[in-house]
Every structure is written in C-alpha cells, then in structure tokens.
Amino acid sequence: MERGLQIRDVSRRYGRRWALVHVDLEVAAGEAWMLLGPNGSGKSTLIRCLSTELRAHHGEVLLNGENVWIHRARLRKRIAVLGHQSRIYDDLSATENLQVWARLGGYHPGLEALLERVGLDPARRDPVRTFSAGMRRRLSLARMLLKDPDLVLLDEPFTALDPAGRELLMGVIQTLQERGATLLMATHLPSVARAVCSHAMMLESGKVLYKGDTANMPSEGRVEP
Amino acid sequence: MSLLRQSLHMLGKELLTEWRQRSRISGVFWFAFAIVLMVGFATPNSGVLADVSAGTLWLGLLLASTRSLDQSYAVEHEHGAMEGLMLWPVDPIAIFYGKAVANALVLILVALVLLPLVIAIFGADVRGSPAQLLAVIVLGCAALAAPGTLYGLITSQARGSAVLLPLLMFPVVVPALLASSNATMKVFEGDPMEQVPAWLTVLAVFNLVQWSLGGGFYGWLLED
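All values derive from a computational prediction rather than experimental measurement. (Residues numbered from 1 in each chain as written. Chains lettered and ligands numbered in written order. Predicted model: local features only at pLDDT ≥ 70, side-chain atom pairs only at ≥ 80, totals over all residues.)

Draft legend 1. Summary view of the interface of chain B and chain A. The partner chain A presents 21 residues to the 21 residues of chain B that form the contact. Sorting the residues of the side of chain B that touches chain A by element identifies α1 (3–20) and α4 (81–87) of chain B as the ones contributing at least two each. Counting residues per element, the side of chain B that touches chain A draws most heavily on α1 of chain B, which supplies seven residues. Of the residues contributing to the side of chain B that touches chain A, the split by class is 10 nonpolar, seven polar and four charged. (Contact = placed C-beta atoms within 7 Å. Helix = DSSP H or I, 4+ residues; strand = E, 2+ residues; numbered from the N terminus. Nonpolar A, V, L, I, M, F, W, Y, C, P; charged D, E, K, R; others polar.)

In structure tokens form, the structure reads like this:
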C-alpha cells in the first residue's frame, strides 16, 4: 500500500462552472505542501474534496492507497481539517466543546493538557460566545488535535491568529509532521508557510500552474497580498 | 463505538445546548401559547371552545415545532458545526436520532406546560385516563419531531427555510395530527367506545415508519 496522498485527475464543478480542472498531485507521507492561488482559484474546493466534504465529479483521491470518498466513514477518523469556520458551539465552554467532539468521535485525550497547549486553559470554562476570533481559532486547533491524523488540511490557518498563535500553529504543524502526517495548507502567506512547507502547488481558475519545490516557485509575489 | 452510544452522546450535546439557551425553549412555548390564545379569541361561539381544544393544542404544537426545529439547525450552521459533524467520525444515523429525540423532548416539555393552560382556557375536561393522555402527548410529539428533524436538515440551508419547512413537513404529519387530535379529544370527552387505543396504534405505526425512514435517509441527505 502506497503511503501518503494521491490526487488523480480531480475535477469539481459548481453548477456549470468548473472550480477544479484535472488536478493531479502526489504527496508523500510526512510531506507538507502549501496551496497557493488568488481568491476563487480552487484552493478551498480542493481542500473540501480531500476532506470528503465534497465529492469530486471526476478523478479520485487516495489516502494511503484507499479512495477517500468510498471509505470516507472510516477515513474521516484519520483526516483533520482546520477550515474557515470554527465548527464549535458558541453556547458551550471550551472544555464542553472539546468534550462533545471527543465523545462523538470516541477520542479520549487529556482535555486539560490540550487546552493548555493551545493557550486556552485560563478561559476553559467561559462560553465560547465571549471568545475573540483568535481564541476561537485556537479552540478549533484544539478540536483538530483530538484526532491523530494521517492527513492534515489547513485552509487559511493563520487567519485571526496573533504572532504567538502563529508560532503555536507552526509548532503543532511540525509535531504532526514528525508523527508522519501528510499536510496541505491553503494560504495567501507563502512567506510564513515556507517555514514548514517544502513544496507548493499554485492554482489559477482551478488549473495547476505549478507544483514542485518552494525554492523554484515562480512569481510568488503575484499571490502574496 | 456503538450507534447507541453515539446517539446518546449526540442527545447529550443537544440537551446541553438547549439548556444553555433556555430562552429558545421558552420562545417556542410562548409561540404555541400565543396560537392557542388567538384561536380562543377567533372562535366566535364560546360554546364550541371545548370542542376545538384538542385540535388547538396540536395546531399550536405543530406550528411551534417548526420554530424549534429551525432553531435546532440554526445552532449547527452558526459556525459550520453541521459540516464539522459530517466530517467527524460520527454515524449520521446517530446524529439523526440524537437530534430527533432532543427535538421530541423539547416538544413534550412545551406540551406538558401548554396542556393545563388549554384545558383551563377552553374549558375542557379530562374524563379519560391521564396515562392515555400522556401516551398521546409523547407519541404525538415524537411523530412531529422525526419528520421535522429530517425535513429540517433539507430546508435549514435553503433561502426561506421558515416557509419551506412547513411546506414539506405539514403534508407528511397530517396523519399524526389527525390521530393526536382525535385521541386527545377522546381523552377529554371520555372514551366509552375505547377508541383511544386505536388512535395510539395509528401514532405508534406512524412513529415506527417515520423514525425508521429518518434514520435511513438522514445520512444520504447529509452527504448530499
């Protein structure tokens, strides 16, 4: 069985508009790739296809040799996503949120330690409704860490994070990589992501413009805001 | 993890969020109570008030249930938690049963508070068995909650969900409304012909079908 992620000829449309067009990518286990491209280039759609939130209209995605859509019920335990939305409940506290998600997923982590790791220990009993955007992002990160993932998908992960939060996220990413997780990060900040990502794929209008080493990446400036 | 355990965890989550937003439950109650009062005011002949009491109770609960169901999904969509559930290793059937049981419990609570008020305002008597009345309320509320939870998922992300949900749900729950109203009326008036068990059987069969269908279709709808 081949370890890592294979994206084979994946296309996806919304109505008549194709958001992804024949995307191919091979990512070895433990590798980290950044996804670059302007707004509407298909980065988030690709992340959603990989996470099994959306079904590709053409092609297939394999994780460790298994088709993620066909085996989604089982593989979702191995795929962690940090997306645009926090996916947490405002009326519950940080601890209660993590308890809910841990129980539903059958995970048994040390919640106190997890909250301490993301810097939310002092606010663990406060309702999430009172949290700032950065604190919500940290809680989403803790929620993601409940899983022990083979594939980590990050969509604009630095949004709302302060410098300390960014540093925390980078540390988490490095730990996940050391454990052998494959990582894809959609970002508009290649200069920040370069610290953890060795490879990049650039998309435009759903098509692949470039894939390869970050060192040889062309015209990086056109995608950095 | 077993389906039952996941369903119980989902139910626990639903009840915890409902408890934290108790104003939502009271909102559902006041909405149902307002409907009951309006029907009372709009009935020109006070002599027939007792005759329409059971129907008014269930009409109030039916309309209030759409608000309750709408709110139940609003919480899930507020920060994309519904998508989070979909991508979490949770059986969609467990999501359905957890949500549907929680919705049924909220409706039962509202019904139990509303019932004595309807009896008082409409001058109804309870000549039949209180145990039968409780069974009608439990089965009737469950009969509204199961299809409501299923159709609520379909309409929750659509524009005009407040209109769409009743349009989809009301035709389906007509048999349950009919059975609940008739059974309640028979308990109010007394039941010398022993018709209540027959109506309860209708409700039980309706529940069996709707709770089974809901569990079966929910995952398919959630993925699509």
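Right, picking up where we left off after that structure.
Draft legend 2. Fine view of the sheet that holds strand β2 (residues 17–27) of chain A. Residue and element names in this part refer to chain A. A sheet is described by the order of its strands in space; here four strands give the open sequence β2-β1-β4-β5, paired in antiparallel fashion. Sheet topology places β2 and β5 (66–67) at the edges, where each strand pairs with a single neighbour. Inspection of the sheet shows strand β1 (residues 5–14) paired to strand β4 (residues 58–63) by five bridges, in the antiparallel sense. By the bridge assignment for β4, Arg 8 is matched with Glu 60. Sitting on the sheet, helix α1 (residues 43–50) is in contact with β1, β2 and β4, with an inclination near 65 degrees to β2. (Pairing = 2+ DSSP bridges. Axes fitted to C-alpha atoms, helices over the stretch in contact; angles between N-to-C directions.)

Draft legend 3. Examining the pairing of β1 of chain A more closely. All names here are of chain A. Bridging between β1 and β2 involves seven bridges; their strand directions are antiparallel. Bridging across to β2, Ile 7 finds its partner in Leu 25. Joining the antiparallel neighbours β1 and β2 is a turn of two residues, in which Gly 15 adopts a positive phi near 65 degrees.

Draft legend 4. Local environment of helix α3 (residues 49–77) of chain B. Over its 29 residues, α3 of chain B extends 41 Å from the first C-alpha to the last, a length consistent with the 42 Å expected when each residue adds 1.5 Å. The largest bend in α3 of chain B amounts to roughly 30 degrees and is located at Gly 55 of chain B. (Expected span 1.5 Å × (residues − 1). Bend = angle between axes of the 7 residues up to and from the residue.)

Draft legend 5. Main features of helix α3 (residues 94–105) of chain A. Along its 12 residues, α3 of chain A runs 17 Å from first to last C-alpha, staying within 8% of the 16 Å computed at 1.5 Å per residue. Listing the buried residues of α3 of chain A in full gives Ala 94, Glu 96, Asn 97, Leu 98, Val 100, Trp 101 and Leu 104 of chain A. Buried-residue contacts for α3 of chain A involve α4 (111–117) and α5 (133–145) of chain A together with α1 of chain B. Remark: Gly 106 of chain A follows α3 of chain A within two positions and exhibits a positive phi of approximately 75 degrees. (Buried ≥ 20, exposed ≤ 12 C-beta atoms within 10 Å, placed from the backbone.)

Draft legend 6. Molecular detail of the packing of α3 of chain A against α1 of chain B. Interaxial distance between α3 of chain A and α1 of chain B falls to 9 Å at its minimum, and their mutual angle equals 160 degrees. Classified by the interaxial angle, the pair formed by α3 of chain A and α1 of chain B is roughly antiparallel. Between α3 of chain A and α1 of chain B the crossing geometry is left-handed. Across the interface between the two elements, Glu 96, Val 100, Arg 103 and Leu 104 of chain A from α3 of chain A touch Gln 6, His 9, Met 10, Lys 13 and Leu 16 of chain B from α1 of chain B. Tallied by class, the residues present in the contact of α3 of chain A with α1 of chain B amount to four nonpolar, two polar and three charged. (Parallel < 35°, antiparallel > 145°, perpendicular 65-115°, else oblique. Left-handed = near helix turned anticlockwise from the far one by under 90°.)

Draft legend 7. Here's a closer look at unusual backbone geometry. All names here are of chain A. Positioned with a positive phi, His 22 is a non-glycine residue whose angle comes to about 45 degrees. Tracing the backbone through its elements, the reader meets His 22 in strand β2. Taking the number of C-beta atoms within 10 Å as the measure of exposure, His 22 has 14 and is therefore partly exposed. In this structure, Glu 156 takes a positive phi of about 50 degrees despite not being glycine. Here Glu 156 lies in the loop between β7 (151–155) and α6 (163–178).

Draft legend 8. Representation of the sheet that holds strand β10 (residues 207–213) of chain A in the model. All names here are of chain A. Taken in spatial order, the six strands make up an open sheet running β6-β7-β8-β3-β9-β10, and their pairing is mixed. Edge strands, defined here as strands with exactly one partner in the open sheet, are β6 (79–82) and β10. Looking at each pair of strands side by side, their axes are set apart by 15 degrees on average, direction ignored. The pairing of strand β3 (residues 32–36) with strand β9 (residues 199–204) spans four bridges and is classified as parallel. Following the sheet pairing, Trp 33 is matched in β9 by His 199. Strands in contact with α6 are β3, β7 and β8 (182–186); relative to β8, the strand with the most contacts, it is inclined by about 150 degrees.

Draft legend 9. Representation of the nonpolar core in the model. By size, the foremost hydrophobic cluster in this structure holds 127 residues, and its most contacted members are Leu 35 and Met 185 of chain A together with Leu 61 and Val 110 of chain B. Every residue in contact with Leu 35 of chain A, bar those within four places of it in the chain, is listed here: Lys 43, Leu 46, Leu 184, Met 185, Ala 186, Met 201 and Leu 203 of chain A. (Core = buried A, V, L, I, M, F, W, Y, C linked by C-beta atoms within 7 Å.)

Draft legend 10. Spotlight on the pairing of β9 of chain A. All names here are of chain A. Alignment of β9 against β10, held across six bridges, turns out to be antiparallel. Along β10, the bridge assignment pairs Leu 203 with Val 208. Between β9 and β10, which follow one another and run antiparallel, lie two residues, and Ser 205 among them has a positive phi close to 50 degrees.

What is shown is where atoms sit, not what they do.
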